[in-house]
Amino acid sequence: MLKALFNRYKNKIFLIVLTIYVIILGLGTFGELFEIKWILDLPIFRPPGK
């Protein structure tokens, strides 16, 4: 059943994952370019050990 659902919605799932990835990439780039502290302090953008 799960495989059937995945096969049915494979394209939509891929598009959603790709969209989320591009949004996160854009947010990180925007935060880095304009040095926006709250964006750079998000756990996904913090360097290891900080």
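Remember, predicted model here, so these are calculated numbers, not experimental data. Every chain's residues receive numbers from 1 upward, in the order its sequence appears when written. Thresholds applied to this predicted model are a pLDDT of at least 70 for local features of residues and 80 or more for the giving and counting of side-chain atom pairs; totals over whole chains, interfaces and linings are not thresholded and use all residues. Think of the side-chain values as coming from all heavy atoms in the structure, minus any hydrogens and water.

### Considering the overall build of the protein chain
In step 1: When you go through the protein chain residue by residue, the secondary structure sums to two helices and zero strands.
In step 2: Here's how the labels work: a residue is buried when its accessible area is under 20% of the maximum for its type, exposed when over 50%, partly exposed in between, all with a 1.4 Å probe on protein chains only. Among the 50 residues that make up the protein chain, the fraction classed as buried is 6%.
In step 3: Summed over its atoms, the accessible surface of the protein chain is roughly 4800 Å², and 72% of this surface lies on carbon and sulfur atoms. Helix numbers and strand numbers start at the N terminus; a helix is a DSSP run of H or I with at least 4 residues, a strand a run of E with at least 2. Exposure was quantified through the Shrake-Rupley algorithm and a 1.4 Å probe, taking into account, for residues, occlusion by the shown protein chains and nothing else.

### Some words on unusual backbone geometry
Trans peptide bonds make up most of the peptide bonds, and negative phi angles are found at most residues other than glycine.
In step 1: Backbone geometry at Glu35 places phi at a positive 50 degrees, although glycine is not the residue there.
In step 2: Positionally, Glu35 belongs in the loop between helix 1 (2-33) and helix 2 (37-40).
In step 3: Take Glu35: its relative accessible area is 66%, and that puts it in the exposed class.

### A word on the packing of aromatic side chains
In step 1: When two rings of Phe, Tyr or Trp (its six-membered ring) have centres within 6.5 Å they constitute a pair, described as stacked for plane angles under 30 degrees, edge-to-face for angles over 60, and tilted for the intermediate range. Evaluation of the coordinates by the stated rule reveals one aromatic pair.
In step 2: On the numbers, 4.9 Å between centres and 55 degrees between planes, the contact of Phe30 with Phe34 is tilted.
In step 3: Assessed through its relative accessible area of 55%, Phe34 is described here as exposed.

### Examining a nonpolar patch on the surface
In step 1: Only residues above 30% relative accessible area that lack a salt bridge enter a patch, with like-charged residues linked at up to 9 Å and the nonpolar side chains Val, Leu, Ile, Met, Phe, Trp and Tyr linked at up to 5 Å. Here, a salt bridge means any side-chain nitrogen of Lys or Arg that lies within 4 Å of a carboxyl oxygen of Asp or Glu. Among the surface-exposed residues, Met1, Leu5, Phe6, Tyr9, Ile13 and Val17 lie close enough to one another that they form a single nonpolar patch of about 620 Å² accessible area.
In step 2: Mapping Tyr9 onto the fold places it in helix 1.

### Considerations on the environment of Tyr21
In step 1: Topologically, Tyr21 is positioned in helix 1.
In step 2: In this structure the C-alpha to C-alpha distance between Tyr21 and Pro48, which are 27 residues apart in sequence, comes to 20 Å.

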